Amino acid sequence: MSGSLWLKPPTSETPLAAIPRPRRERATGRPPHGTPSPAGAAGAGAAGPAAQPADGAAPDTGGEGARPSGGRPPAAAAAPAPTTPPPAGGGLADDPLDELARRLDGFVAVAVHPDEIAAILESDGMTDEHIRLTYGRADSFSLAEDLYARVERRHPEPSAPPSGAWHSELAGCLLRGLVFALPGLAYVLAAPLLAAQHGRFGLPAGTVPMLAGAVTGWVWNQALSHRAYTWLGLGDRAAAARALLTGAPAGALAGTAVALATAAPGELPAAVFAAGQSLYLAAATVLLVLGRERALLGALLPLGGAVPALRWDLPDVLRAGLLLASLAASVALAALVLRPGVRRGAAGRGGPPRAASLPYGLFGLGSGLLVLHAGVADTLVTGAGAVIALTLSMGPAEWLLHRFRYGALTRLRTLTTAREFRRAVTGTLVLCLGGYLTVLLALTLAATLAWPGAPLPTLPRLVTLLLIGTVLWLGLLLQAFGAVLSAATVCLLAAAAQTVHPAAGPLTAGGAAAVLAALTCALLVRPTAHRA
């Protein structure tokens, strides 16, 4: 199995905090409805494409520190003057609230709750004193309610998806799932080369250094891919290549060092294989982040020699040659696409802090350990089938994440109340998660039937596998919306509990799935979570 399985683009979705938060609650003490959640490091807001104002939302023109003394808004905001002179001829003065409604018409018309308008007013620099003197309202919330009542809702119709987008998007995600799973054939080719007499912890010989190197690669490359996607989101592809150029070799060295440090006497062949595995993970990270899935698929074609190796005993020289050919092709292609990063000055501006990528590395660690636990079974065949199914399911999982996102945005633009939106998005979430678990179950049964003599998984193992799949999919969904720290914490705690008490696998996975489901429902059924 390849650790590149977890190189999900962390910035492919809109962050949660896309709308400014009102600075205080209403006078009645009721908290503002639909305010964004501060949970987690933002996937695209903190370290990804800079958070853009939502469709129809006012850009943030400055916080409290940017307001001039006296409570007047900045000049760039073009807010109405505190007083309106009487018109010539003794006529009646225009209502300043009507003028404000005309000025903010585009913003107010698409708001799903008055609190969104209150946030816009405060970001515009309006203080409560200014609002009382100019508009005769107590505060920004009262003014927002009046504006919300005056302006008719005009949510734009959802744009039709591009021609063939459904099928082309699905094809791309399935391709990624395939390149995630194909590296698992390397273990089939290398099995006779790694044979040894004694293993540790009840595992086959050589397993410990290979797992140690793989887990190190998962953590490092998940964080590295996040930082590279950050640069891509900022429109600086050369800087992304520069980050990969420096980070990928460092990750390969780290994985190799850990594998050698954990190798016992007699496990040197496994440590050498783990070093090659670390080098491949670094190269695959580069190709996947830069969108070269087809090139990576071509580099993995020599591993197809593992298919006849399942039936016939291939010479060791041929096995080693196929492994080296695939590894060399991956590294060469990665070096080729990294040429823009070699240019001087390609790193561009400073970029986000590196610490922002740490939660993504922790999520890679937790999810990777859960997959390893799924692969520990009574027989090697049963465990391998579970890992193969989980790995192949990552392609459909990514596509279903896109479908959830598109469905939520469609309902945001067509529904008029927050209650209708919550109900519709909850239904979409259940359908997408159910679809993923159906795919995972089908892949598990297919992998079992395709393996000669493989026993069908028992009901407890099947339930545990589906619960782990639930944890992974919901974790990826929360990560895509910026709540990566919450998802990483839950996955790490579940992996740690399952390591301490392996027999409690179903209970541990079920608890983690329940917590992530509660977090998802709390964070993603609110309209403000999907404003873009």
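The text that follows walks through the structure, step by step, so that each part is easy to find. Since the structure is predicted, the reported quantities are computational estimates derived from the model, not experimental observations.

1. With respect to a nonpolar patch on the surface
Thought 1: On the surface, a cluster of nonpolar side chains totalling about 300 Å² of accessible area is made up of Leu260, Leu268 and Val272.
Thought 2: Mapped onto the elements of the fold, Val272 is located in helix α10 (residues 268–289).

2. Remarks on the packing of helix α8 (residues 207–233) against α10
Thought 1: Running from amino to carboxyl end, α8 crosses α10 at an angle of 15°, the nearest separation of the two axes being 9 Å. Here α8 is positioned roughly parallel relative to α10, judged by the angle of their axes. At the point where α8 passes α10, the crossing takes the right-handed sense. Where α8 abuts α10, its residues Pro209, Met210, Gly213, Ala214, Gly217, Asn221, Leu224, Ser225, Ala228, Tyr229 and Leu232 lie against Ala270, Phe273, Ala274, Gln277, Ser278, Leu281, Ala282, Thr285, Leu288 and Val289.

3. Looking at the nonpolar core
Thought 1: Grouped together as the largest cluster of nonpolar side chains are 94 residues, with contacts concentrated most on Leu390 and Trp473.
Thought 2: Top element by residues in this core is α10. It accounts for twelve residues.
Thought 3: Not counting chain neighbours up to four residues away, the residues in contact with Leu390 comprise Val371, Ala374, Tyr436, Leu440, Leu465, Ile468, Gly469 and Leu472.

4. Comments concerning the pattern of salt bridges
Thought 1: Under the criterion given, the structure shown has five salt bridges.
Thought 2: In this structure, Arg176 and Glu293 form a salt bridge, with 2.4 Å as the shortest nitrogen-oxygen distance. Residue Arg176 is located in helix α6 (residues 165–181), and its partner Glu293 is located in helix α11 (residues 293–300); the two are separated by 117 residues in the primary sequence. With respect to class, Arg176 is no different from Glu293; both count as buried.
Thought 3: Of the charged contacts, one joins Asp313 and Arg319 as a salt bridge, the two residues approaching to 3.7 Å between their closest N and O atoms.
Thought 4: By relative accessible area, which is 68% here, Asp313 ends up exposed.
Thought 5: On the accessibility criterion, Arg319 (4% relative accessible area) is buried.
Thought 6: A network of salt bridges, in which partner residues are shared, links Arg176, Glu293 and Glu398.

5. Comments concerning the side chain of Thr444
Thought 1: By secondary structure assignment, the location of Thr444 is in helix α17 (residues 418–450).
Thought 2: Given the relative accessible area of 4%, Thr444 is considered buried.

6. Quick look at the packing of aromatic side chains
Thought 1: Counted according to the given criterion, the structure contains one aromatic pair.
Thought 2: A centroid spacing of 6.2 Å and a plane angle of 75° characterise the contact between Phe404 and Phe481, whose relative ring orientation is edge-to-face. A residue pair is termed long-range when its members are at least 10 positions apart, and Phe404 in helix α16 (residues 394–414) and Phe481 in the loop between α18 (459–480) and α19 (484–500) qualify at 77 residues.
Thought 3: On the accessibility criterion, Phe481 (1% relative accessible area) is buried.

What counts as what
Residues numbered from 1 in each chain as written. Predicted model: local features only at pLDDT ≥ 70, side-chain atom pairs only at ≥ 80, totals over all residues. Heavy atoms only, no water. Patch = residues over 30% accessible without salt bridge, like charges linked within 9 Å, V, L, I, M, F, W, Y side chains within 5 Å. Areas by Shrake-Rupley, 256 points an atom, 1.4 Å probe, with all protein chains shown as cover. Salt bridge = Lys/Arg side-chain N within 4 Å of Asp/Glu carboxyl O. Helix = DSSP H or I, 4+ residues; strand = E, 2+ residues; numbered from the N terminus. Axes fitted to C-alpha atoms, helices over the stretch in contact; angles between N-to-C directions. Parallel < 35°, antiparallel > 145°, perpendicular 65-115°, else oblique. Left-handed = near helix turned anticlockwise from the far one by under 90°. Contact = heavy atoms within 4.5 Å. Core = buried A, V, L, I, M, F, W, Y, C linked by side-chain atoms within 4.5 Å. Buried < 20%, exposed > 50% of the residue type's maximum accessible area, 1.4 Å probe, protein only. Phe/Tyr/Trp six-rings, centres within 6.5 Å; stacked < 30°, edge-to-face > 60°.

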